[in-house]
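Structural description and commentary
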Amino acid sequence: MAEEGLARRRLAARNAAANAVVGSATDEEAIRGVLSALGDGLDLTAAYYWRPASNSRGLSVAESWESPEAPPQPDVLPHGEGLPGQVWRTGEPAWTDGAAATAESAGTDPSERGSAPRTGGASSIVLPLTVHGTLAGVLELLCSRPVEEDVELLGIGASVARQLGHAMERRHAQRELRESGERLRFQASLLNAVGEAVTALDPEGQILYWNASAERLYGWRAEEVIGVSAEEVTPELVAQHTPDVLARLREGEAWTGELIMRDREGHAFPAMVTGSPVRGEDGDLRAVICTSRDITDRKRFEEAQQFLADAGRVLASSLDYLATLEEVCTQSVPLLGDCCIIHLTPESGDGGVLPVAHCSPELTDEETARLESAIAGPDGVLQDVLGSRHPRRIDREELEGTASGRILRDLGIAELLAAPLHARDQALGAFTFTRRADGPPYRDLDVRLADELALRVASAVDNGRLYRDSEESSRAKTDFLAVVSHELRTPLNAITGYADLMTSGVSGELSEEQVRQVERIKVGARHLAHLIDEILAFARLDAGREELRMEEVDAAEVAREAVVVIRPDAEAKGLSLDVDVPSHGPRIRTDASKVRQVLVNFLSNAVKYTEEGSVSVRVRPVTGGVEMSVSDTGIGIPEREHDRIFEPFRQVQSPNTRTVGGTGLGLSVNRRLVEILGGNISVESAPGRGSTFTVRLPAAPEEAS
Ligand code: ADP
């Protein structure tokens, strides 16, 4: 009867344990349920679940069920110690009977030494808990009665441990499934959070994947396009799948490029597209993952930078700002509008603005004129903009009811972008761009661009006007010089003429003293005439009034004529004059009087800046022309001055330290004369070592021939 009761109770315990296994939500709950079902139902002293301790030095109790007689357990059961340690090591179930067994094993098995106090003399059954073939822990049942022979009890323990293991396996599988589902959802939301459109195509071009950004960018929803051929959805993307690109993708190479894509509505936009291959383990292409990004803004920014650079070049290319403004207008259409108009305040500074340049390919001349006056009219936008420093967007509603608003409506204009032109605190005018209703509206980028352009245009206009002013004043100065020189010349001619007359003896013999005095008058007059010639030549060149009289001449002959002019001065200073000129020199086509003037200028400088030694002239033919040089043994010129001495009025010695006269114009006249004759000048000189000025002239200058 007692046996029957025991069997029933054991069955009930087994069922309770099975229920705990099935009905628990977590592994821990299941283990706890099993331990208490067995502990209660089988009259155990205690039941433990041992698991590797967190510090991995041995096993520790993770779950337990204990009766009041339960012996205390150590925090950690060192590796291999006790029956739980043995089972953990072998993976095989083991059992031992209470005090008798302990006494027996005390001398033989060191691992079981001292286990009697741990089990409190109770029998112990230890069962491995295996999950997916791996030991997860061990179950220990402490029992006050011997268990060695109790096959049924051992069987119950083993079967419950097995059930528990299976349940844990199932739960792990479920957890993994749940986690991998979560992982997938996580990856999907990750891809959706990416700003770029991410799509995937199979090797046949069918769409496999389409993220949220792709939906936004292309306007197609994922469920509309997945499974559809990409050719129908983004033909432009497919167009890149040239055999070459496909071959590269098959090789595992990625592809990147810019394409013009189109959205569902048919709007085209530039996109940066990448294609990356996904290959199977066999190396075959399984899919292509494409990303695409709208790069309209970047493109516009690049375009804007390019436009500003081009406009800057145009504006800097000439000081004739009216011509460059016209070109800038043309360049800015259609980037900044369908039409560009520039108004400027008149140079005289009178009030009002005048249209000075426009580009309006879509309007007739008459319409352009109406637009120009509507903008500048009393209720037009320019009145507003001129007073401010910043560009402004103005739509038609803003001008509703005004006369200019009506004109804009008639011309089909929806929006204006107007920017004031300001330089040195002065309003110089404004430019205005217009856009039709069917175009994209003005954006911040356009406003910034207009602002940048306004800065450049304003400074070009300002520079142009300043240059014009300075040119005018410089022309006035040149005219003044020409007039004065001319007026000086007439009395000077009289002086020279009468001096000649006196030395000729026509008006009576002169005494020796008188002849010397008249000769000094003549030297002074010659010098003065030379200075006046220099000023006149400079004035003519500066005003661009120099005319060329081209003829074929003997270069040697011209040089000899120049030497004749300078010989008296050289002799007066006791300088020797070496003339190394062939009797028949190279013939060139040039303006002989200008060449003579150049040589006389060089020679008179050579004499002027040389106190002793010699002055020499040399003429020789060179390829394509002739080379003429004038050398002296005079004071020389420091190298840093070699370029500057050709500037008008530039003199190496300051007026205070100069011992010789001069206008500082001779070399600048020479340089300009030689330039218009198609030649060039070079100088070799060093202080104390003399100077050589060399002129090279072409046999026949291109523009003059
Ligand atoms: P200037 O009327 O002062 O001679 P130029 O234009 O002819 O003016 O020459 C400019 C300056 O170059 C001179 O003032 C002088 O300092 C220097 N220069 C020109 N020719 C010579 C030379 N042969 N030797 C030394 N210095 C020279």
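Since we're looking at a predicted model, the values are computed, not measured.

What about the site of the ligand?
- Close to the ligand lie 22 residues, the nearest being N605, Y609, D632, Q651 and L667.
- A distance of 2.8 Å is found between an oxygen atom of the ligand and a side-chain nitrogen or oxygen belonging to Y609.
- In isolation the ligand has 520 Å² of accessible area, and contact with the protein removes 100% of it.
- Listed by contribution, the elements that provide at least two residues to the shell around the ligand are α20 (592-608), α21 (666-676) and β23 (691-698).
- Top element by residues in the shell around the ligand is α20. It accounts for 3 residues.
- Among the residues forming the shell around the ligand, the class breakdown is 9 nonpolar, 9 polar and 4 charged.

Structural notes on the confidence of the model for the protein chain
- Averaged over the protein chain, the pLDDT score is 86; the fraction of residues at 70 or greater is 95%.
- When the criterion is pLDDT under 50, residues 100-114 qualifies, and its contacts beyond four places in sequence or with other chains add up to 13 contacts.

Overview of the nonpolar core
- F602, L603, M628, F693 and L697 are the most contacted members of the largest nonpolar core, which has 46 residues in total.
- Elements with a minimum of two residues in this core: α18 (512-542), α19 (555-572), α20, β20 (614-622), β21 (625-632), α21, β22 (680-685) and β23.
- Among the elements that take part in this core, α20 stands out by supplying 9 residues, more than any other.
- Discounting residues that sit within four places of it in the chain, L603 has contacts with A562, V563, I566, V615, V617 and V630.
- Counting residues in each nonpolar core, the second largest holds 35 residues, with L308, V314, L325 and A419 among its members.

Digging into the packing of aromatic side chains
- What the rule picks out here adds up to 7 aromatic pairs.
- Look at F431 and F433: their rings are 5.1 Å apart centre to centre, the planes differ by 70 degrees, and that puts the pair in the edge-to-face class.
- Assessed through its relative accessible area of 1%, F431 is described here as buried.
- Relative accessible area serves as the criterion here: at 0%, F433 is assigned to the buried category.
- Consider the rings of F538 and F649, whose centres lie 5.8 Å apart with planes at 70 degrees: the pair is edge-to-face. Taken together, the positions of F538 in helix α18 and F649 in the loop between β21 and α21 put the pair 111 residues apart, joining distant regions of the chain.
- Classification of F538 as buried rests on a relative accessible area of 5%.
- Chaining the aromatic ring pairs together yields one cluster made of W210, Y218 and F269.
- Over the aromatic face of W220 sits the side chain of R264, whose NZ or CZ is 4.3 Å from the ring centroid.

Topic: the side chain of K594
- With respect to the element layout, K594 can be found in helix α20.
- According to the relative accessible area criterion, K594 is buried, its value standing at 5%.
- Here K594 is in contact with E546, E547, L548, L673 and L677, once residues within four sequence places are set aside.

Remarks on a nonpolar patch on the surface
- There is a patch of nonpolar side chains on the surface, built from F480, V484 and L488 and spanning about 280 Å² of accessible area.
- Structurally, the position occupied by F480 is in helix α17 (residues 444-504).
- Residue classification places F480 among the exposed residues on the basis of a relative accessible area of 55%.

As for the pattern of salt bridges
- Counted according to the given criterion, the structure contains 44 salt bridges.
- Salt-bridge contacts for D150 lead to R145; the nearest nitrogen and oxygen are separated by 3.8 Å.
- In this structure, the salt-bridge partner of E641 is R650, at a minimum N-O distance of 2.8 Å.
- It is possible to trace a salt-bridge network through shared partners that takes in R10, R145, D150 and E152.

A few points about the environment of G544
- Considering the arrangement of structural elements, one finds G544 in the loop between α18 and β17 (551-554).
- The exposure class assigned to G544 is exposed, which follows from its relative accessible area of 61%.
- Spatially, the C-alpha atom of G544 lies 42 Å from that of Q383, the residues being 161 residues apart in sequence.

Some remarks on the sheet that holds β22
- Taken in spatial order, the 5 strands make up an open sheet running β18-β20-β21-β23-β22, and their pairing is mixed. The outermost strands of the open sheet, each flanked by one partner alone, are β18 (576-580) and β22. Across the sheet, the mean angle from the axis of one strand to that of its neighbour is 15 degrees, orientation sign disregarded.
- As defined by bridge partners, β20 adjoins β21 across 8 bridges and the pair is classed as antiparallel. Looking at β21, one finds that V615 is bridged to D632.
- This element, α20, spans β20, β21, β22 and β23 of the sheet and lies at about 20 degrees to β21.
- Against the sheet, α21 makes contact with β22 and β23, and its axis sits at roughly 140 degrees relative to β22, the strand it touches most.

Parameters at a glance
Residues numbered from 1 in each chain as written. Predicted model: local features only at pLDDT ≥ 70, side-chain atom pairs only at ≥ 80, totals over all residues. Heavy atoms only, no water. Near = heavy atom within 4 Å. Polar contact = N/O pair within 3.5 Å; in protein donor to acceptor, adjacent residues only side chain to side chain. Areas by Shrake-Rupley, 256 points an atom, 1.4 Å probe, with all protein chains shown as cover. Helix = DSSP H or I, 4+ residues; strand = E, 2+ residues; numbered from the N terminus. Nonpolar A, V, L, I, M, F, W, Y, C, P; charged D, E, K, R; others polar. pLDDT = per-residue confidence, 0-100. Contact = heavy atoms within 4.5 Å. Core = buried A, V, L, I, M, F, W, Y, C linked by side-chain atoms within 4.5 Å. Buried < 20%, exposed > 50% of the residue type's maximum accessible area, 1.4 Å probe, protein only. Phe/Tyr/Trp six-rings, centres within 6.5 Å; stacked < 30°, edge-to-face > 60°. Lys NZ or Arg CZ within 6 Å of the ring centre and 35° of its normal. Patch = residues over 30% accessible without salt bridge, like charges linked within 9 Å, V, L, I, M, F, W, Y side chains within 5 Å. Salt bridge = Lys/Arg side-chain N within 4 Å of Asp/Glu carboxyl O. Pairing = 2+ DSSP bridges. Axes fitted to C-alpha atoms, helices over the stretch in contact; angles between N-to-C directions.

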